[in-house]
Amino acid sequence: TAFPIRNICCIGAGYVGGPTMAVIADRCPQIQVNVVDLNEARIAAWNDLDLSKLPVYEPGLDAVVDRARGRNLTFSTQVDAAIAAADMVFISVNTPTKTKGLGAGQASDLRWVEACARQVAQSAQGHTIVVEKSTLPVRTAEVVRSILEAAQRQAVDGELPISFSVLSNPEFLAEGTAIRDLESPDRVLIGGENPVAIQSLAEIYGHWVPVEKILLTNLWSSELSKLTANAFLAQRISSINSVAALCEHTGADVREVARAIGSDSRIGSKFLEAGPGFGGSCFQKDILNLVYLCRHFGLPDVADYWENVVALNTWQQHRISRLVVQKLFGTVTGKRLALLGFAFKADTNDTREAPAIRIAHDLLEEGAQLAIYDPKVDPQQIAFDLQLAASSPPDVQAGPTRAALSGEGTWWSGTSVADTVAGADAALILTEWHEFRQLDWVALAPLMRQPAWVFDARAVVDPEAVKSSGLMLWRVGDGAV
Ligand code: UDX
Ligand code: UDX
Ligand code: ADP
């Protein structure tokens with residue numbers, strides 16, 4: 001038996017809450033879904049009639065929002081009213097790594113989750129199922145539950161009793177493929193103690209997910225599964241990147257190695273692409289969370305084991321910037337370098353923890369002049385991430401600017417690949433955008449200052465095409481070029 005859900009509230013209209021709720025509303029037209037957020041600009045963007053202005057870029061999201069918005073999907077800043085109307089509240093707010101205080105740099109900052117729990121405690125009516133959707137450290141449900149339990153009450157003078165059940169329902173969607181991952185997930189995981197609440201949530205997913213893919217477990221296993229899944233995925237990337245470095249010294253090609261090991265069914269072929277290191281809002285944060293938990297529970301060796309996955313990732317990013325400097329005769333001061341791609345992966349406008357940030361930082365530190373082009377990232381976001389305002393693009397014909405001669409690192413935003421590489425000594429490909437796979441290097445090469453390099457950190461270019469254009473090539477994990 002399930003508790004019938006007619007009205008859902010989702011707190012947090014970000015990369016997770018927005019797409020997830022859009023798909024639930026699309027697949028369950030009988031359920032009213034209200035997404036709320038404190039950020040007015042973000043809500044206004046979700047309500048924009050121009051679907052290209054949605055705050056999250058995801059292939060296919062515009063069509064889903066278009067079908068459900070105004071029918072049974074709303075976006076607003078009316079948090080309390082939406083909670084009061086809801087039978088089920090999803091908490092999908094940000095949980096960044098703490099920057100100060102106890103656990104700084106590792107533990108998650110739960111202040112937004114706690115604020116949400118308190119707001120739900122205050123505004124909920126009747127029985128409410130509260131679902132943790134944000135990635136959270138293990139045992140957060142307990143925090144949420146104790147706040148909610150303190151607000152439970154019996155029926156008093158005609159008013160309804162107030163009660164809660166807490167579920168953990170981690171989201172496994174990857175950015176760039178969010179809609180596909182939500183519409184046909186490998187699995188949906190629901191953790192909880194109250195079988196009626198679990199069944200109520202399972203029935204929602206049951207509208208489009210086959211029942212054998214809906215896994216039911218306890219709260220703690222559910223929370224820990226999310227951290228573990230991300231830790232394992234990140235570990236594969238650090239493993240292949242470590243092998244890539246070795247390949248570059250030995251004449252092996254990491255793609256050949258990946259193909260050979262990936263054919264072993266115990267290893268599998270996915271997630272073995274060497275690159276500039278992983279980015280995104282989850283991998284580093286979740287591993288650091290795991291590290292913090294292990295230390296907290298007296299398992300320092302386990303903590304060290306996982307911490308090394310992050311350390312290797314940071315090393316890979318610095319390794320690439322170092323290598324660029326070395327190949328450009330040991331100095332990039334005053335040199336123009338084209339950065340192609342800034343998002344942490346293709347098909348998203350998200351730059352959280354993007355490898356491009358650290359690499360750009362290193363190069364700015366060396367005094368480089370960076371032209372940065374990304375088809376989806378807003379230049380204001382780049383300025384925010386680099387903590388440096390953009391300069392105006394220099395006149396390519398006019399030679400080095402005063403800033404360049406003084407050795408100060410600067411950057412500007414390119415509007416196309418061609419104007420980004422113009423006058424540059426090197427092009428660095430940092431995101432695997434489709435358009436970077438098809439570049440006409442023979443046409444681009446004459447725009448660059450010779451001798452010029454292509455540093456392909458995503459292995460997207462055709463090595464022969466680059467070499468025939470006369471450019472020099474470095475490709476991640478390729479000992480043969
Ligand atoms: C990840 C998980 O995949 C998802 O299940 C979870 O819900 C959230 O975290 P996401 O961060 O959106 O999703 O993207 P993902 O595709 O996993 O990529 C993460 C990073 O790893 C990117 O920077 C990507 O470029 C990099 N990566 C991925 C590689 O370098 N090589 C690979 O083979 C795969
Ligand atoms: C291994 C490789 O599997 C094989 O491809 C290679 O050619 C030789 O090394 P082997 O050592 O014979 O084969 O056995 P394997 O089944 O891989 O097990 C190795 C060890 O890992 C065993 O001690 C096994 O108990 C342990 N193991 C394996 C686990 O603890 N957990 C697992 O999930 C799998
Ligand atoms: P994620 O990738 O986990 O979705 P985001 O940062 O994209 O993370 O989105 C989280 C959203 O949650 C932000 O838009 C933020 O404004 C919102 N938020 C945080 N705290 C609250 C709160 N107490 N009430 C409503 N919205 C909140």
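The structure presented is a predicted model; accordingly, all values stated were derived computationally and were not measured.

Caption draft 1: Structural view of the overall build of the protein. Counting its secondary structure elements, the protein contains 19 helices and 14 strands. Against the globule reference of 23 Å for 481 residues, the protein gives a C-alpha radius of gyration of 24 Å, in line with a compact fold. Taken along the three principal axes of its C-alpha coordinates, the protein extends 85 × 50 × 45 Å. Per-residue burial for the protein yields a buried fraction of 48% across its 481 residues. Considering only contacts in the protein between residues 6 or more positions apart, those separated by 24 or more positions represent 74%.

Caption draft 2: Region of the structure containing the packing of helix α9 (residues 219–250) against helix α11 (residues 283–296). One way to put it is that α9 packs onto α11 with a least axis distance of 9 Å and a crossing angle of 115 degrees. Where α9 crosses over α11, the handedness of that crossing is left-handed. For the pair formed by α9 and α11, the contact residues are L227, N230, A231, L233 and A234 on the first element and F283, D286, I287, N289 and L290 on the second. A per-class count over the contact of α9 with α11 returns seven nonpolar, two polar and one charged.

Caption draft 3: Geometry of the UniProt feature "active site" (unreviewed entry) in the protein. When the UniProt feature table is mapped to this numbering, "active site" (unreviewed entry) covers C282. Along the chain, C282 turns up in the loop between α10 (254–262) and α11. When neighbours within four sequence positions are excluded, C282 is seen to be in contact with T135 and N230.

Caption draft 4: A look at the site of ligand 3. Around ligand 3, the surrounding shell holds 21 residues, and the nearest of these are G12, G14, V16, V93 and N94. Of the residues forming the shell around ligand 3, the biggest block, three residues, is contributed by helix α5 (residues 111–123).

Caption draft 5: Region of the structure containing the sheet that holds strand β14 (residues 472–475). In spatial order, the strands read β11-β10-β9-β12-β13-β14; together these six strands make up an open sheet with parallel pairing. The open sheet terminates on both sides in strands that have one partner only, identified here as β11 (410–413) and β14. Taking each pair of neighbouring strands and ignoring which way they run, the sheet shows an average axis angle of 20 degrees. With four bridges joining them, strand β10 (residues 369–373) and β11 adopt parallel strand pairing. In the sheet register, A371 faces β11, and the bridge partner there is W412.

Caption draft 6: Seen up close, the domain arrangement of the protein. Each domain of the protein was delimited in the assignment, giving domain 1 (7–217) and domain 2 (219–481). Between the C-alpha centres of domain 1 and domain 2 the distance comes to 33 Å. Taken residue by residue, the interface counts 27 residues in domain 1 and 26 residues in domain 2. Residue contributions to the side of domain 1 that touches domain 2 peak at four residues, all from strand β7 (residues 188–192). Residues belonging to the side of domain 1 that touches domain 2 are distributed by class as follows: 13 nonpolar, 11 polar and three charged.

Caption draft 7: Representation of unusual backbone geometry. A cis amide bond links Q450 to the next residue, P451, at an omega of -5 degrees. Among the secondary structure elements, P451 is positioned in the loop between α18 (441–444) and β13 (453–456). Positive phi is not limited to glycine here, since F329 has a value of about 60 degrees. With respect to the helices, strands and loops of the structure, F329 is situated in the loop between α12 (300–327) and β9 (336–340). With a phi close to 50 degrees, Q387 is a non-glycine residue in the positive phi region. With respect to the helices and strands, the residue Q387 is situated in the loop between α14 (379–386) and α15 (402–406). Assessed through the 9 C-beta atoms surrounding it within 10 Å, Q387 is described here as exposed.

Caption draft 8: Here's a closer look at the nonpolar core. Among the nonpolar cores identified, the biggest contains 79 residues, and L337, L339, L340, L370, A424, A426 and L428 are the most heavily contacted of them. With sequence-adjacent residues up to four places away left out, A424 is seen in contact with R336, L337, A338, A371, M448, R449 and A452. The next biggest cluster of nonpolar side chains, apart from the first, holds 63 residues, and it includes F90, I91, I129 and L189.

Here is what the cut-offs are and how they apply
Residues numbered from 1 in each chain as written. Chains lettered and ligands numbered in written order. Predicted model: local features only at pLDDT ≥ 70, side-chain atom pairs only at ≥ 80, totals over all residues. Helix = DSSP H or I, 4+ residues; strand = E, 2+ residues; numbered from the N terminus. Rg over C-alpha atoms; globule rule 2.2 N^0.38 Å. Buried ≥ 20, exposed ≤ 12 C-beta atoms within 10 Å, placed from the backbone. Contact = placed C-beta atoms within 7 Å. Axes fitted to C-alpha atoms, helices over the stretch in contact; angles between N-to-C directions. Left-handed = near helix turned anticlockwise from the far one by under 90°. Nonpolar A, V, L, I, M, F, W, Y, C, P; charged D, E, K, R; others polar. UniProt positions renumbered as here; feature names shortened; annotations may be inferred. Near = placed C-beta within 6 Å. Pairing = 2+ DSSP bridges. Domains from an automatic or database assignment. Core = buried A, V, L, I, M, F, W, Y, C linked by C-beta atoms within 7 Å.

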